[in-house]
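# Per-entry structural report
Each chain is listed here by its residues.
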Amino acid sequence: MPSHIIAITNQKGGVAKTTTAINLSQALVLSGLTVLLVDLDPQGNATQGIGVALDTIKLSVGDLILNKEISSSEVVYEGDGLHLIPATPLLARVEREMVGMTNSELRLSHRLNHLRSKYDVILIDTPPTLGPLMNSALNAADSLIVPVDSSFFAMMGIKELLSEVGEIRQGTNQNLRVMGYLLTMSDQTRIAAETWDGLIAGFGEAVFETKIRRSVKLKEAPAYGRTIFHHAPGSAGAEDYLNLAKEVASRIGIHPEVSESDLETEKDIEVFVGGIR
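Below is a summary of the structure that appears in this document. Just so we're clear, the structure is a prediction, and the values are computed from it rather than from any experiment.

Cut-offs and rules
- Residues numbered from 1 in each chain as written.
- Predicted model: local features only at pLDDT ≥ 70, side-chain atom pairs only at ≥ 80, totals over all residues.
- Heavy atoms only, no water.
- Helix = DSSP H or I, 4+ residues; strand = E, 2+ residues; numbered from the N terminus.
- Rg over C-alpha atoms; globule rule 2.2 N^0.38 Å.
- Buried < 20%, exposed > 50% of the residue type's maximum accessible area, 1.4 Å probe, protein only.
- Contact = heavy atoms within 4.5 Å.
- Areas by Shrake-Rupley, 256 points an atom, 1.4 Å probe, with all protein chains shown as cover.
- Lys, Arg positive; Asp, Glu negative; His and termini not counted.
- Charge placed at Lys NZ, Arg CZ, Asp CG, Glu CD.
- Pairing = 2+ DSSP bridges.
- Axes fitted to C-alpha atoms, helices over the stretch in contact; angles between N-to-C directions.
- Patch = residues over 30% accessible without salt bridge, like charges linked within 9 Å, V, L, I, M, F, W, Y side chains within 5 Å.
- Salt bridge = Lys/Arg side-chain N within 4 Å of Asp/Glu carboxyl O.
- Parallel < 35°, antiparallel > 145°, perpendicular 65-115°, else oblique.
- Nonpolar A, V, L, I, M, F, W, Y, C, P; charged D, E, K, R; others polar.
- Right-handed = clockwise from strand over helix to strand, strands pointing away.
- Phe/Tyr/Trp six-rings, centres within 6.5 Å; stacked < 30°, edge-to-face > 60°.
- Lys NZ or Arg CZ within 6 Å of the ring centre and 35° of its normal.
- Core = buried A, V, L, I, M, F, W, Y, C linked by side-chain atoms within 4.5 Å.

### Describing the overall build of the protein
Within the protein one finds 11 helices and eight strands. For the protein, the C-alpha radius of gyration of 17 Å lies close to 19 Å, the compact-globule estimate for 277 residues. Taken along its principal axes, the extent of the C-alpha atoms in the protein is 50 × 45 × 35 Å. When each of the 277 residues of the protein is scored for burial, the buried share is 55%. Looking at the protein alone, contacts between residues at least 24 apart form 79% of all its contacts between residues at least 6 apart. Here the protein displays about 12,000 Å² of accessible surface, and carbon together with sulfur accounts for 49% of that area. Once the 24 positive and 34 negative side-chain charges of the protein are each reduced to a mean point, those two points are 3 Å apart.

Shown next as structure tokens:
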């Protein structure tokens, strides 16, 4: 069965999009699935967040989009259960050049299709702006997860994102759908409750039952190049993302089992620089 491609997307910054991409990817791995994380943000935060230094990367997602001579597998870096297509600042230049390329926003889709048979799930971390890279993700994805933070401005931008999704569906990716809306940085404040109520009123069953609670450990983990499961496996953040992984797997028709032993120890992620071994 070919992999399901999910883009984690919201054009509003600071909604825990990259945090979700990293930790949901690892939670799915702990659930027994084979997972590829694609970093499509020129800042490379997802890449660095799982312990890969940008100056060690030889090939990245920018090269994959720009150079048709590079095979998709050459750009995959194998980690500790989690595989990665990294991003570097080169991607910002590639995005500018994409404006003059024919069908440039379909290139990522074509390249990832060559990897579908190797993974259960492919997750794409997207930049927080609409443009060629975001559209590349929307064309490559089967479905979207939209993180929404617990703030006054939480719902801003969703309408514009959905409008873009509608345009993509009418054109180049007719099967694209929103898998679900995810409340992040949830706490006991009134604004968090109001944001939750607004999501339920607007999107109903499309809202994930899991809420990602506000957590210091989730903020700390990327600084150490670790997922929450490697940094603080007994934390609320680890519990939340594991629960989210179960919901995501269920929504795409997979019912994995979690290995409890994988959650008991902290370990560093190792990445083999230079492609698949």
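### Here's the deal with the pairing of strand E4 (residues 82–85)
The alternating pattern of E4 places Leu82 and Leu84 and His83 and Ile85 on opposite faces, both of which are buried. With four bridges joining them, strand E2 (residues 35–39) and E4 adopt parallel strand pairing. By the bridge assignment, Val38 is partnered in E4 with Ile85. Sheet topology note: the strand E3 (residues 77–78)/E4 ladder contains two bridges and is antiparallel. Bridge pairing in E4 places Glu78 opposite His83. In sequence, E3 turns back onto E4 through a hairpin of three residues, with Gly81 there showing a positive phi of about 90°.

### Concerning the sheet that holds strand E6 (residues 143–149)
Spatially, E3-E4-E2-E5-E1-E6-E7-E8 is the arrangement adopted by the eight strands of the open sheet, whose pairing is mixed. At either end of the open sheet lies a strand with only one pairing partner, and these are E3 and strand E8 (207–213). Note: E2 against strand E5 (residues 121–125), five bridges, orientation parallel. Pairing of Leu36 across the sheet is with Ile122, part of E5. Packed onto the sheet, helix H1 (residues 17–30) meets strand E1 (4–8), E2, E4, E5, E6 and strand E7 (177–186) and runs at close to 165° relative to E5.

### Considering a nonpolar patch on the surface
Residues Phe152, Phe153 and Met156 make up a contiguous nonpolar surface patch of roughly 390 Å² in combined accessible area. With respect to the element layout, Met156 can be found in the loop between E6 and helix H7 (158–170). Accessibility expressed as a relative area gives 52% for Met156, which makes it exposed.

### Some points on the packing of helix H4 (residues 90–98) against helix H6 (residues 132–140)
For the pair H4 and H6, interaxial distance at closest approach is 9 Å and the crossing angle is 85°. Between H4 and H6, the crossing angle belongs to the class labelled roughly perpendicular. Counted together, Leu91, Glu95 and Met98 of H4 and Pro132, Leu133 and Ser136 of H6 form the full contact between these two elements. Along the lines of polarity and charge, the residues of the contact of H4 with H6 split into four nonpolar, one polar and one charged.

### Regarding the pairing of E7
Remember that side chains alternate between the two faces of the sheet whenever the strand is regular. Counting buried positions along E7 gives seven out of 10 residues, so the element sits mostly inside the fold. Pairing geometry for E6 and E7, over seven bridges, is parallel. Residue pairing for E7: Ser143 is matched across the bridge by Arg177. Taking the sense of rotation as the criterion, the β-α-β connection linking E6, H7 and E7 turns out right-handed. The parallel pair E7 and E8 is bridged by helix H8 (residues 190–203), and the resulting crossover is right-handed.

### What to know about the packing of aromatic side chains
Centre distance and the angle of the planes are the two values used to describe a pair of aromatic rings. As enumerated under the stated definition, the model contains one aromatic pair in all. Aromatic pair Tyr181 and Phe203: ring centres 3.9 Å apart, planes at 15°, arrangement stacked. Of the two residues, Tyr181 sits in strand E7 while Phe203 sits in helix H8, which places them 22 residues apart along the sequence. When its relative accessible area of 3% is taken as the criterion, Tyr181 is described as buried. The ring centre of Trp196 lies 4.3 Å from the NZ or CZ of Lys211, which sits over that ring.

### Topic: the nonpolar core
With 43 residues, the main nonpolar core has Leu40, Val61, Ile85, Leu112 and Ile124 as its most contacted residues. In terms of residue count, the dominant contributor to this core is H6 (five residues).

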